[in-house]
Amino acid sequence: MMNPSVNASNNRLSASDGYQFDAAGNTGRDPQNRKFTYDAENKQTKVETVDANGNVTGTIGQYAYDGTDAGSKRSPGSTDSRKQPSSFTTHLLLGGRIF
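Presented here is a report on the structure given in the accompanying data block. Keep in mind that this is a model prediction, so the values were computed, not measured.

A few words now on the pairing of strand β7 (residues 56-65). Relative to β7, strand β6 (residues 44-50) runs antiparallel, the two sharing five bridges. The residue bridging V50 from the neighbouring strand is V56, located in β7. Hairpin connection between β6 and β7: a loop of five residues separates the two successive antiparallel strands, and G54 in this loop has a positive phi of roughly 90 degrees.

Take the packing of aromatic side chains next. Under the counting rule described, the total for this entry stands at one aromatic pair. Pairing Y19 with F21 gives two aromatic rings, centres 6.5 Å apart and planes at 20 degrees, and the pair type is stacked. Of the residues examined, F21 reaches a relative accessible area of 26% and is grouped as partly exposed.

What follows is about the environment of D17. Mapping D17 onto the fold places it in the loop between β2 (12-13) and β3 (20-21). Assessed through its relative accessible area of 22%, D17 is described here as partly exposed. Note: C-alpha distance between D17 and D30 (13 residues apart in sequence) is 8.4 Å. Among the polar contacts made by the side chain of D17, one reaches the main-chain amide nitrogen of S5 at a distance of 2.7 Å.

Before going further, it helps to examine unusual backbone geometry. Positive phi, close to 60 degrees, is recorded for N33, a residue that is not glycine. Its location among the elements puts N33 in the loop between β4 (27-29) and β5 (34-38). Its identity as a non-glycine residue notwithstanding, N42 has a phi of 65 degrees, on the positive side. Among the secondary structure elements, N42 is positioned in the loop between β5 and β6.

Reading guide: rules and limits
- Here the residue numbers are simple positions, counted from 1 along each chain's written sequence.
- Selection of residues for local features in this predicted model requires a pLDDT of at least 70, selection of side-chain atom pairs for listing and counting requires 80 or more, and totals for whole chains, interfaces and linings are taken over all residues.
- The basis for the side-chain values is all heavy atoms of the structure; hydrogens and waters are excluded.
- Pairs of strands are assigned from DSSP output, requiring at least two bridges between the strands.
- Helix and strand assignments come from DSSP, with helices taken as H or I runs of at least 4 residues and strands as E runs of at least 2, each series counted from the N terminus.
- Side-chain rings of Phe, Tyr and Trp (the six-membered ring for Trp) are treated as a pair once their centres are within 6.5 Å; stacked means planes under 30 degrees apart, edge-to-face means over 60, and tilted covers the remaining angles.
- To sort residues, take the accessible area from a 1.4 Å probe on protein chains only and compare it with the maximum for the residue type: under 20% means buried, over 50% means exposed, and anything in between is partly exposed.
- Counted as a polar contact is a pair of N or O atoms within 3.5 Å, where, for protein atoms, one must be capable of donating a hydrogen and the other of accepting one, and residues adjacent in sequence contribute only when both atoms are in side chains.

Below you can see the structure in the form of structure tokens.
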């Protein structure tokens, strides 16, 4: 865990700490080599691990949302990119609470 600095001019985590952002201001990558993907409404849909070259090495979680903005997280049982996940754990997100 690190304590990142904040860029006062744009109120974002500092890119010098290893963060990358998309045009909408969403975090695209972090210093722990995680890649974040968002849908058209800027809701996070996937978190993946990547190697130094940016190649995906595993999936940490996938997220889906319904029309009421309730979301669910699917966490793969295996993050080994050479294998299909053997199982998924699903968590329901309602009003910011995980069920």
